[in-house]
Amino acid sequence: MKTIIITGPSGSGKTFLSNRLSKIFSNTIVIKTDSYYRGNGFIRFLSIFKFDIYDRLFSIKKYEIKSTIESIYNKDVLITFTHYNFKNKHSSKSSETINYNIKNQFILIEGIFSHRLDLNYKKTINIVCIEEKQKCFKRRIVRDQLKRGRKSSEIKKKFNKSWYLFYQNIKNFLKNHEVIYYNPSSKDSYEKLIAYLNQINK
């Protein structure tokens, strides 16, 4: 089972791409780093000191993500996944039975922190979503207003900080690892990516 890493700045199409790939490559196991944010009390406490708490690595349960990934690598049948509700800032857990005997199965790790989990990125397929900043911002506005109940002024401030932090933190990753760049606005970019994944999945 090969591992796909999908990272990119806020609004760059990471979730959209992971959803498409999980439909094309059936029985792919998807892990979203956004699902592993810390609970309400901790988030509120950290928010006192940092405005952009959701864009910093210490806001997620990194050890839980790595534990879930390790369980899949070990081919444990029952895997525990974490889920996060942004409106009430509460996390919950669920268990899922995994069948490792089915073909076309990837482990897909998606989110702004997926390239910062201390995995062996020399062996993973590393996809970086790239898109114009303004297009990303428009997607972020829609998402945060509908799903997270935020006001446009707050969203703009958070987005700009998130954009800056992402590109600051990914510099070493891009320098030290092979990556595939994907543009969600480009049909050609998508078709090349699918062709590549089909080839290595034979």
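In this text, all values refer to a predicted model and were calculated from it rather than measured experimentally. (Residues numbered from 1 in each chain as written. Predicted model: local features only at pLDDT ≥ 70, side-chain atom pairs only at ≥ 80, totals over all residues. Heavy atoms only, no water.)

Enquirer: Teacher, can you tell me more about the nonpolar core here?
Expert: It is characteristic of soluble globular proteins that their nonpolar side chains tend to be buried jointly. Of all hydrophobic cores here, the largest spans 27 residues; its most connected members are I31 and I109. The set of elements that each furnish at least two residues to this core consists of β2 (29–32), α3 (62–73), β3 (78–85) and β5 (106–110). If sequence neighbours within four positions are ignored, I109 has contacts with T3, I4, I5, I6, I31, T33, I69, S114, L117 and L119. L21, F25, I125 and L197 belong to the second largest nonpolar core, which has 15 residues in total. (Core = buried A, V, L, I, M, F, W, Y, C linked by side-chain atoms within 4.5 Å. Buried < 20%, exposed > 50% of the residue type's maximum accessible area, 1.4 Å probe, protein only. Helix = DSSP H or I, 4+ residues; strand = E, 2+ residues; numbered from the N terminus. Contact = heavy atoms within 4.5 Å.)

Enquirer: Help me understand the environment of T28, please; the structure alone is not making it clear to me.
Expert: Mapped onto the secondary structure, T28 falls in the loop between α1 (14–24) and β2. On a C-alpha basis, the gap between T28 and N104 in space is 7.1 Å, while along the polypeptide they are 76 residues apart. The residues contacting T28, other than those within four sequence positions of it, are S22, N104, Q105, F106 and L108. Among the polar contacts listed, one links the side chain of T28 to the backbone oxygen of F25, at a separation of 2.7 Å. (Polar contact = N/O pair within 3.5 Å; in protein donor to acceptor, adjacent residues only side chain to side chain.)

Enquirer: How should a nonpolar patch on the surface be read in this particular structure?
Expert: A surface patch of nonpolar side chains, amounting to about 240 Å² of accessible area, comprises I130, L174 and Y181. Residue position: I130 is located in the loop between β6 (125–129) and α4 (133–147). (Patch = residues over 30% accessible without salt bridge, like charges linked within 9 Å, V, L, I, M, F, W, Y side chains within 5 Å. Areas by Shrake-Rupley, 256 points an atom, 1.4 Å probe, with all protein chains shown as cover. Salt bridge = Lys/Arg side-chain N within 4 Å of Asp/Glu carboxyl O.)

Enquirer: In this structure, what is going on with the confidence of the model for the protein? I would like to understand it.
Expert: Low pLDDT marks regions whose predicted coordinates should not be analysed in detail. With 89% of its residues at a pLDDT of 70 or more, the protein shows a mean pLDDT of 87. At the level of individual helices and strands, the protein shows its lowest average pLDDT in helix α2 (residues 40–49), which scores 62, and its highest in β6, which scores 97. (pLDDT = per-residue confidence, 0-100.)

Enquirer: I'm lost on the sheet that holds β6 in this one. Help?
Expert: Strands pair in a sheet through their backbones, by hydrogen bonds, and they do so in one of two ways: parallel or antiparallel. The strand order β2-β5-β1-β6-β7 describes an open sheet built from five strands, whose pairing is parallel. Each of the sheet's edge strands pairs with one partner strand only, and the pair in question is β2 and β7 (180–182). On average, adjacent strands in this sheet sit at an angle of 20° to one another, irrespective of strand direction. Sheet topology note: the β2/β5 ladder contains four bridges and is parallel. Its bridge partner being in β5, V30 is matched across the sheet by L108. (Pairing = 2+ DSSP bridges. Axes fitted to C-alpha atoms, helices over the stretch in contact; angles between N-to-C directions.)

Enquirer: Explain the state of the cysteines to me, please; I cannot follow it from the model alone.
Expert: One covalent bond between the sulfur atoms of two cysteine residues makes up a disulfide. Here the structure, examined in full by the defined rule, presents zero disulfides. No disulfide involves C129; its sulfur sits 9.0 Å from that of C136, the nearest cysteine. (Disulfide = S-S within 2.5 Å.)

Enquirer: Would you mind going over unusual backbone geometry with me for this structure?
Expert: Across the chain, the bulk of peptide bonds are trans and the bulk of non-glycine residues have phi less than zero. Even without a glycine there, the phi angle at N27 is positive, about 65°. Within the chain, K75 stands out as a residue other than glycine whose phi angle is a positive 60°. Relative to the helices and strands, K75 resides in the loop between α3 and β3. In this structure K75 comes out as exposed when scored by relative accessible area, which is 52%.

Enquirer: How should I be thinking about the packing of aromatic side chains in this particular structure?
Expert: Geometry of an aromatic ring pair is reported as the spacing of the ring centres plus the angle between the planes. With the rule as written, the count across this model stands at seven aromatic pairs. When the centroid spacing of 6.4 Å and the interplanar angle of 75° are considered together, the rings of Y37 and F113 count as edge-to-face. Pair noted here: Y37 is in the loop between β2 and α2 and F113 is in the loop between β5 and β6, with a separation of 76 residues, a long-range link. Consider the rings of F137 and F159, whose centres lie 5.3 Å apart with planes at 55°: the pair is tilted. Residue F137 is found in helix α4, and its partner F159 is found in helix α5 (residues 152–169); the two are separated by 22 residues along the sequence. Assigned by exposure class, F137 and F159 land together as buried. These aromatic residues form a ring-pair network of at least three members: F137, F159, W163, F166 and Y167. Note that R20 overlies the ring of Y190, its terminal NZ or CZ placed 3.7 Å from the centroid. (Phe/Tyr/Trp six-rings, centres within 6.5 Å; stacked < 30°, edge-to-face > 60°. Lys NZ or Arg CZ within 6 Å of the ring centre and 35° of its normal.)

Enquirer: Explain the environment of P9 to me, please; I cannot follow it from the model alone.
Expert: Along the chain, P9 falls in the loop between β1 (2–7) and α1. Take P9: its relative accessible area is 0%, and that puts it in the buried class. Measuring from C-alpha to C-alpha, the distance between P9 and I130 comes to 7.6 Å, with 121 residues separating the pair along the chain.

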